[in-house]
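# Structural overview
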Amino acid sequence: MPELPEVETVRRDLDAAVTKKKIKVVEILSRTTIKNQPADFLRFLKDAKFIAVERIGKLLIFSLSDKKHWLLIHLKMTGQLIYQDGKKVLAGGHILGGKNGAFGGNLPGKATRFYLELADKSKLFFNDQRNFGYAKIVDADELEIIKAKYGIEPLQANFILKSFAAIFAGRNKNVKALLLDQNLIAGIGNIYADETLFAAGILPARIAKSLTPAEIKKLFAAIKTIIAKAIKNRGTTFSDYIDAHGHRGGFSKFLQVYGRAKEKCYKCGTILKKAKIAGRGTVFCEKCQK
């Protein structure tokens, strides 16, 4: 599943591509992907304009011109958004297989769940092999309810040390599970949890309330630095993720532990270990992390 840096990369590229463009055609090819009644989905999208593409955590939020409704899209495990304008193609999400799978092959294809045709004849396709992703039109009240479920988010104004430290107080869950909990901290997934814990020198199985103020401060700084660097490098290559230009993320060359189980730690030479922590495969260095 793409994490905050990957979704932010897709958001920025699609925002530049679709903003101010009117939707002329809405084609629903998979009823289960659409979390509204099809008639409502069509009614609110047809002839609307995209005003902006925003994001909270891993959720993309397309603002519509009526200023009363928003299109939400979550890529989940295998979702892919593809913008096609003549020969120009922007694809963000997961490769769908095959040499040309980065762009979903012929469009619409077997994995296409819905697509929009814009007034300038460009199209926005939503592909999803496993059909875990979704699209939903919401009003202002529902959008606020959804946003309220997300925790503080790295690089946003609400991500301050005081709020971050408060999350750890009295919590008996391990710190890896805490970092993955979207209700507490939005946007961090398996890759950046492992990488930030390594940078901060903290073992992922540590109980959250056992961290000292100094350790919490170090982890807070590591999250801000690593997430910013990952966005700058357009995310990480993992599984079949690609950015909106069809390129693999450039942050992979900076990974210290993720995906490197049984290899030597770059810092101390110790063989990196892998364990299942918080239900996820987790790589760490027993010597560098305490």
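Residues numbered from 1 in each chain as written. Predicted model: local features only at pLDDT ≥ 70, side-chain atom pairs only at ≥ 80, totals over all residues. Heavy atoms only, no water.

### Concerning the side chain of D128
Just so we agree on the cut-off: Think of it this way: any DSSP run of H or I at least four residues long counts as a helix, any run of E at least two long counts as a strand, and we number them from the N terminus. Accessibility here uses a 1.4 Å probe with only protein chains present; expressed as a share of the type maximum, an area under 20% marks a residue as buried, one over 50% as exposed, and anything in between as partly exposed. Only four residue types enter the tally: Lys and Arg on the positive side, Asp and Glu on the negative side; His and the chain ends are excluded. Here a salt bridge means any side-chain nitrogen of Lys or Arg lying within 4 Å of a carboxyl oxygen belonging to Asp or Glu. N or O atoms closer than or at 3.5 Å make up a polar contact, with two conditions inside protein: a donor-capable atom paired with an acceptor-capable one, and, for residues adjacent in sequence, both atoms drawn from side chains. The contact criterion used is simple: two residues touch if any of their non-hydrogen atoms lie within 4.5 Å.
Along the polypeptide, D128 turns up in strand β8 (residues 123-128). In this structure, D128 is buried with no salt-bridge partner, the nearest side chain bearing the opposite charge being R113 at 5.5 Å. Of note is the side chain of D128, whose polar atom sits 2.5 Å from the side chain of T78. A distance of 2.6 Å separates the side chain of D128 from the backbone nitrogen of G133, its partner in a polar contact. Ignoring anything within four residues of it in the chain, the contact list for D128 reads T78, G79, A111, R113 and G133.

### Describing the sheet that holds strand β2 (residues 50-56)
We apply this condition: The pairing criterion for strands is at least two bridges between them, as found by DSSP. For every element, the axis is a line fit to its C-alpha atoms; helices are fit only across the contacting stretch, and the angle between N-to-C directions ranges from 0 to 180 degrees.
Pairing is antiparallel across the open sheet formed by four strands, whose spatial order is β2-β3-β4-β9. In this open sheet, the two strands that pair with only one neighbour each are β2 and β9 (134-139). Direction aside, the axes of adjacent strands within the sheet are offset by 25° on average. Sitting on the sheet, helix α2 (residues 38-45) is in contact with β3 (59-64), β4 (69-74) and β9, with an inclination near 70° to β9. Those strands touched by helix α3 (residues 140-148) are β2, β3, β4 and β9, and its axis lies near 120° from that of β9.

### Points about the packing of aromatic side chains
Counted only if it meets this: For Phe, Tyr and Trp, where Trp contributes only its six-membered ring, two rings pair if their centres lie within 6.5 Å, and the inter-plane angle classes them as stacked under 30 degrees, edge-to-face over 60, or tilted in between.
For the coordinates displayed, the defined rule picks out eight aromatic pairs. Pairing F50 with F62 gives two aromatic rings, centres 5.3 Å apart and planes at 50°, and the pair type is tilted. With a gap of twelve residues between them, F50 in strand β2 and F62 in strand β3 connect regions that are remote in the sequence. Relative to F220, the ring of F164 has its centre 5.5 Å away and its plane inclined at 50°; by these criteria the two rings are tilted. With F164 in helix α4 (residues 161-168) and F220 in helix α7 (residues 213-232), this pair connects stretches of sequence that are 56 residues apart. Using a relative accessible area of 10% as the deciding quantity, one classes F220 as buried.

### Comments concerning the confidence of the model for the protein chain
Regions with low pLDDT carry predicted coordinates that are not meant to be interpreted in detail. Applicable threshold: Every residue gets a pLDDT, meaning the predictor's confidence in that residue, from 0 to 100.
The predicted model of the protein chain has a mean per-residue pLDDT of 90, with 90% of residues at 70 or higher. Note that pLDDT drops below 50 for residues 96-103; the model gives that stretch 20 contacts with residues more than four away or on any other chain. Confidence drops under a pLDDT of 50 for residues 237-244, and excluding neighbours within four residues, the segment shows 40 contacts in the predicted structure.

### Remarks on the packing of helix α1 (residues 4-18) against α7
We apply this condition: For classification purposes, an angle smaller than 35 degrees is called roughly parallel, one larger than 145 roughly antiparallel, one from 65 to 115 roughly perpendicular, and anything else oblique. Helix crossings fall into two classes, left-handed where the near helix is turned counterclockwise from the far one by less than a right angle and right-handed where it is turned clockwise. Note that Gly is not counted as nonpolar here; it falls among the polar residues with everything else outside the nonpolar set of Ala, Val, Leu, Ile, Met, Phe, Trp, Tyr, Cys and Pro and the charged set of Asp, Glu, Lys and Arg.
Where α1 contacts α7, the two axes come as close as 9 Å, and the packing angle between them is 40°. Taken together, the axis directions place α1 and α7 in an arrangement best described as oblique. The chirality of how α1 crosses α7 is right-handed. Two secondary-structure elements touch here, α1 through L4, P5, E8, T9 and R12 and α7 through I227, A230 and I231. A breakdown of the residues in the contact of α1 with α7 according to their chemical character gives five nonpolar, one polar and two charged.

### A word on the pairing of β2
The buried fraction of β2 is high, at five of seven residues. Strand direction decides the pairing type here: β2 and β3, joined by six bridges, are antiparallel. Counted as the bridge partner of I56 is L59 from β3. Taking the residues that link successive antiparallel strands as the turn, the β2-β3 hairpin has two residues, and the phi of G57 there is positive, at about 55°.

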